[in-house]
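Read off the chains here:
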Amino acid sequence: MGPEHLDVANRLGNLAITYCALGRAAEALPLEERALAIAEAALGPDHPRVAISLGNLALTYNALGRAAEALAVGKRALAITETALGPEHPDVPIRLGNVASSYSDLGRASEAIAAVSRAERCAADALGEHHPITRSLQHYADHLKDRYGAPN
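None of the values given here were measured: they were computed from a predicted structure.

### Some thoughts on helix H3 (residues 48-63)
- End to end, H3 covers 23 Å across 16 residues, agreeing with the expected 22 Å (1.5 Å per residue, within 8%).
- Buried within H3 we find Arg49, Val50, Ala51, Ser53, Leu54, Gly55, Asn56, Leu57, Ala58, Thr60, Tyr61 and Asn62.
- Against the buried residues of H3 lie helix H1 (6-21), helix H2 (25-43), helix H4 (67-85) and helix H5 (91-105).
- Of the residues trailing H3, glycine 65 is marked for its positive phi of about 80 degrees.

### Details of the nonpolar core
- Leu96, Tyr103 and Val116 are the most contacted members of the largest nonpolar core, which has 17 residues in total.
- Counting only elements with at least two residues in this core, the list comes to H4, H5, helix H6 (109-127) and helix H7 (132-148).
- At seven residues, the largest contribution of residues to this core is made by H6.
- In contact with leucine 96, other than residues within four places in its own chain, are Leu78, Ala115, Arg118, Ala119 and Cys122.

### Focus on the side chain of serine 104
- Here serine 104 lies in helix H5.
- Take serine 104: its relative accessible area is 3%, and that puts it in the buried class.
- Reaching out from serine 104, the side chain makes a polar contact with the side chain of tyrosine 148 at a distance of 3.1 Å.

Cut-offs applied
- Residues numbered from 1 in each chain as written.
- Predicted model: local features only at pLDDT ≥ 70, side-chain atom pairs only at ≥ 80, totals over all residues.
- Heavy atoms only, no water.
- Helix = DSSP H or I, 4+ residues; strand = E, 2+ residues; numbered from the N terminus.
- Expected span 1.5 Å × (residues − 1).
- Buried < 20%, exposed > 50% of the residue type's maximum accessible area, 1.4 Å probe, protein only.
- Contact = heavy atoms within 4.5 Å.
- Core = buried A, V, L, I, M, F, W, Y, C linked by side-chain atoms within 4.5 Å.
- Polar contact = N/O pair within 3.5 Å; in protein donor to acceptor, adjacent residues only side chain to side chain.

Have a look at this one:
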């Protein structure tokens, strides 16, 4: 298939996620960056698959304590997802959750709470109130509200 095939990008992304799960985000970063470059070259910069790579890169940046960079790529992933798939697509709440995490890491409480609250509503609408993603976002929203003293 060659080194620039999308399947290679998928495998690189999976390996990077594994590295992050093992607490080895520094090793994950070049893999995520390469996966993103392959996806952008193969599909163009505004493809939903590129948004997935960007979302994974944002998680890696957050794991490395690079929240400002995570926020920038997370917002780009969100914009691509909303434009390409629509604001009601089930991937939107995932992207919003990533953005909320970056805002929280940057100490931007009101923006974090707004993003995760929107994510929670989107997930409930797209997936249902009892879906694991919705429940996870509900717990995260409650955590942020408790952390920052906002009402539940």
